[in-house]
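# Examining the three-dimensional arrangement
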Amino acid sequence: MPVLPSTMQAVICHGPQNYTLETIPVPKRGPGELLLKVEAVGICASDLKCWHGAAKFWGDANRPAWAETEVVPGHEITGRVLEVDDDARQRWQVEAGDRVVLEQIIPCWDCYYCDHGNYHMCAPHRMFGFHRSAPGGMAEYMTVPTQALVHKINGDLPPAHAAFAEPLSCALHAVERATLQFDDVVVVAGAGPIGLSMIAGARAKNPGLIIALDLDPRKLDIALATGADLAINIAEEDAVAKVKALTAGLGADVYLEGTGHPSAVPQGLNLLRKLGRFVEYSVFKEDVSVDWSIISDDKELDVRGAHLGPHCWPAAIKLIEQGRLPMERICTHQLPLADFQQGLNLVAQGDKSVKVSLLP
Ligand SMILES: [Zn+2]
Ligand SMILES: [Zn+2]
């Protein structure tokens, strides 16, 4: 077994816009836990929103702060198992040397939601990378608590591709929430990591038509390579008119929202047909105002939220391992840990990147 160093490099969140690279002790594995060498951690749009200080993380007049300071961020994690004991081996079927991915939530397994199979809505909602009790992946090493959900993934994949199982599982859950039917016309708003993953998930279900919307021609090109039948550049074309023209004036059956941009909400309400399904996955920086009578009186829509990727990780891992996504085009940037700030900046500049990962 390799001799572990006593210290490691890690990013520490001290609060909004105050993240630093520091040298801290290598964490010690408790009984039943794993010690991982982190191989890649994706930077999520939510990491950027947390860095910016969004109310969802740091609270406002309507809600308390959920994130904590003095935490190692990062929840799109893949790593190699360095240390494992019999208890962990039995729980997760993993051995030293295996590559694993971690579900971002660490369920309590004891609340109302966990008891009802909805572990992704676990009441205490402990997640890697936001709480002191669960340091995330922006570090060379990390431990995995016993309540965590651990999945094995092919160790020959590039690490950044393996870490993409996290956003992909989330998008697959959004697709499941839409209960796709074979002849559905599905519109996916946004061709970033989540939108592209929604397209891949919808493709796997093979509905009637998958239409990608974005402003960036380069991303729309990747959307076509990921399985969209059609791409509409909303900077150049009227998406609502085009979707109506493609559906004999009716509108789309399903709208999957993966941009987090306020304008994407009325756009979806307007391009859905009556009795359509609207799935919202995004985290918004600001409030969105819409005419709710479109949802009721005009169209009787089903509006469904989606959060995390419960029960979708095996399917996400399978899609990546089978090479169903153009991962080389999706994983645009891999940076060393020390360049985390550049990584966050690249995520902010969506026209320059798709998925940005750190390789600690
Ligand atoms: Zn994420
Ligand atoms: Zn729970």
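Residues numbered from 1 in each chain as written. Chains lettered and ligands numbered in written order. Predicted model: local features only at pLDDT ≥ 70, side-chain atom pairs only at ≥ 80, totals over all residues.

Our focus in this paragraph is the environment of Gly 258. With respect to the helices, strands and loops of the structure, Gly 258 is situated in the loop between β13 (252-257) and α10 (264-271). On the neighbour-count criterion, Gly 258 (30 C-beta atoms within 10 Å) is buried. C-alpha of Gly 258 to C-alpha of Ala 191: the two residues are 67 residues apart in sequence and 7.9 Å apart in space. Residues within four places of Gly 258 in sequence aside, it is in contact with Ala 171, Val 188, Ala 189, Gly 190, Gly 192, Ile 194, Gly 195, Met 198, Tyr 281 and Ser 282. (Helix = DSSP H or I, 4+ residues; strand = E, 2+ residues; numbered from the N terminus. Buried ≥ 20, exposed ≤ 12 C-beta atoms within 10 Å, placed from the backbone. Contact = placed C-beta atoms within 7 Å.)

The strands that make up a sheet pair up through hydrogen bonds in the backbone, lying either parallel or antiparallel. Read across the sheet, 6 strands follow the order β12-β11-β10-β13-β14-β15 without closing on themselves; strand pairing throughout is parallel. In this open sheet, the two strands that pair with only one neighbour each are β12 (230-233) and β15 (302-305). Taking each pair of neighbouring strands and ignoring which way they run, the sheet shows an average axis angle of 20 degrees. Looking at chain direction, strand β14 (residues 272-280) and β15 are connected through 4 bridges and run parallel. In the sheet register, Arg 277 faces β15, and the bridge partner there is Asp 302. Against the sheet, helix α7 (residues 193-205) engages β10 (185-189), β11 (209-214) and β13, with an angle of about 160 degrees to β10. Against the sheet, α10 engages β10, β13 and β14, with an angle of about 170 degrees to β13. (Pairing = 2+ DSSP bridges. Axes fitted to C-alpha atoms, helices over the stretch in contact; angles between N-to-C directions.)

The next thing to look at is the domain arrangement of the chain. Examined at the domain level, the chain breaks down into domain 1 (7-164 + 325-359) and domain 2 (177-305). One C-alpha centre belongs to domain 1, the other to domain 2; they are set 29 Å apart. Contributions of two or more residues to the side of domain 1 that touches domain 2 are made by α1 (45-52) and α12 (327-330). For the side of domain 1 that touches domain 2, the element with the highest residue contribution is α1, accounting for 3 residues. Residues that form the side of domain 1 that touches domain 2 fall into these classes: 6 nonpolar, 2 polar and 5 charged. (Domains from an automatic or database assignment. Nonpolar A, V, L, I, M, F, W, Y, C, P; charged D, E, K, R; others polar.)

Another aspect to go through is the nonpolar core. One finds Ala 165, Val 186, Val 187, Val 188 and Leu 256 to be the most contacted residues of the largest nonpolar core, which totals 113 residues. Counting the residues that make up this core, at least three belong to each of domain 1 (7-164 + 325-359) and domain 2 (177-305). Setting aside residues no more than four positions away along its own chain, Ala 165 makes contact with Val 101, Ile 153, Trp 313, Ala 316, Ile 317 and Ile 320. (Core = buried A, V, L, I, M, F, W, Y, C linked by C-beta atoms within 7 Å.)

Along a regular strand, successive side chains alternate from one face of the sheet to the other. Bridging between strand β1 (residues 7-13) and strand β2 (residues 19-25) involves 7 bridges; their strand directions are antiparallel. From the neighbouring strand, Met 8 faces β2, where its bridge partner is Ile 24. In this structure, the hairpin formed by β1 and β2 is closed by a connection of 5 residues, where Gly 15 is found at a positive phi of approximately 140 degrees.

The subject of this paragraph is α7. Given 3.6 residues per turn, any residue in an α-helix points the same way as the ones three and four places further on. Over its 13 residues, α7 runs 19 Å from end to end, which matches the ideal 18 Å to within 8%, given 1.5 Å per residue. Burial of α7 is extensive: 10 of the 13 residues sit out of reach of the surface. Residues Pro 193, Ile 194, Gly 195, Leu 196, Ser 197, Met 198, Ile 199, Ala 200, Gly 201 and Ala 202 constitute the buried set of α7. A positive phi of about 50 degrees marks Asn 206, the residue just after α7. (Expected span 1.5 Å × (residues − 1).)

Turning next to the pairing of β14. Along β14, 7 of the 9 residues are buried, which leaves the element largely enclosed by surrounding structure. The sheet contact formed by β13 and β14 spans 5 bridges and is parallel. Each residue of the ladder has a partner; that of Leu 256, found in β14, is Val 279. Read as a crossover between parallel neighbours, the route from β13 over α10 to β14 is right-handed. (Right-handed = clockwise from strand over helix to strand, strands pointing away.)

Of all the residues in helix α13 (residues 340-348), the buried ones are Phe 340, Gly 343, Leu 344, Leu 346 and Val 347. Looking straight down α13, one finds its buried side chains confined to an arc of 160 degrees; they lie on one side. (Arc of directions from axis to C-beta.)

A few words now on the packing of α7 against helix α8 (residues 217-226). Between α7 and α8, the shortest axis-to-axis distance is 9 Å and the interhelical angle comes to 20 degrees. Taken together, α7 and α8 sit at an angle that is classed as roughly parallel. Where α7 crosses over α8, the handedness of that crossing is right-handed. Judged by residue contacts, Leu 196, Ile 199 and Ala 200 of α7 engage Ile 222, Ala 223 and Thr 226 from α8. Tallied by class, residues from the contact of α7 with α8 come to 5 nonpolar, 1 polar and no charged. (Parallel < 35°, antiparallel > 145°, perpendicular 65-115°, else oblique. Left-handed = near helix turned anticlockwise from the far one by under 90°.)

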